[in-house]
Amino acid sequence: MDKKRVMRHTDEIHAILTAIYCINETTTKDEDVAKLIEYALFRVYEDSPVKMREYCNGKENHHHQP
């Protein structure tokens, strides 16, 4: 029998979306990904993408080179 896993720590969703948003802003820069995350944050948390951009400020300069 295939059981669906239930997310127990839904408070972690915001942190996960924030991380994906920042990765996208600093490396991939895919407009569709940004819009999707902004939409999810607004619909679920009524959060502004302005805060997300603030979290990402300065991250581009901190990439580690192999």
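Going by the structure above, here's the rest.
Let me begin by describing the structure that accompanies this report. Note that the structure is predicted; figures quoted are calculated from it, not measured.

Examining the overall build of the chain
Scanning the chain from terminus to terminus reveals three helices and zero strands. Listing every helix and strand of the chain by position from the N terminus yields α-α-α. Across the 66 residues in the chain, those meeting the buried criterion constitute 21%.

Topic: the nonpolar core
The biggest cluster of nonpolar side chains holds eight residues, and these are L17, Y21, C22, A34, I37, L41, M52 and C56. The set of elements that each furnish at least two residues to this core consists of α1 (12-28), α2 (31-45) and α3 (49-56). Beyond its immediate chain neighbours, meaning those up to four positions away, C22 contacts M52, Y55 and C56.

Section: the packing of α1 against α3
Look at α1 against α3: their axes get within 9 Å of each other, and the N-to-C directions meet at 65 degrees. On the basis of their axis angle, the class for α1 and α3 is roughly perpendicular. The crossing of α1 and α3 is right-handed. Contacts between α1 and α3 involve L17, T18, Y21, C22, E25 and T26 on the former and, on the latter, P49, M52, R53, Y55 and C56. Its residues placed into classes, the contact of α1 with α3 shows seven nonpolar, two polar and two charged.

Procedures and definitions
For every chain, the first residue of the written sequence is number 1, and numbering continues from 1 onward in sequence order. Per-residue local features of the predicted model are confined to residues with pLDDT of at least 70, and side-chain atom pairs are confined, for both listing and counting, to 80 or more; whole-chain, interface and lining totals are unaffected and use all residues. Note that water and hydrogens are dropped before the side-chain values are worked out from all heavy atoms of the structure. Runs of H or I in DSSP of at least four residues are treated as helices and runs of E of at least two as strands, each being numbered from the N terminus. Residue burial is assigned from relative accessible area. The probe radius is 1.4 Å, only protein chains are included, and a residue is buried under 20% of its type maximum, exposed over 50%, and partly exposed in between. Throughout this description, the term nonpolar core refers to a set of buried Ala, Val, Leu, Ile, Met, Phe, Trp, Tyr and Cys residues connected via side-chain atoms within 4.5 Å. Residue contacts are counted whenever heavy atoms from the two residues lie within 4.5 Å of one another. Note on definitions: angles span 0 to 180 degrees between N-to-C directions of axes, and those axes are lines fitted to C-alpha atoms, for helices only across the stretch in contact. Relative orientations are named as follows: roughly parallel for angles under 35 degrees, roughly antiparallel for angles over 145 degrees, roughly perpendicular for angles from 65 to 115 degrees, and oblique for any other angle. Crossings are assigned a handedness: left-handed for a near helix turned anticlockwise from the far helix by less than a right angle, right-handed for a clockwise turn. Each residue is assigned to one class: nonpolar for Ala, Val, Leu, Ile, Met, Phe, Trp, Tyr, Cys and Pro, charged for Asp, Glu, Lys and Arg, and polar for all the others, Gly among them.

Read these as spatial facts, not as claims about activity.
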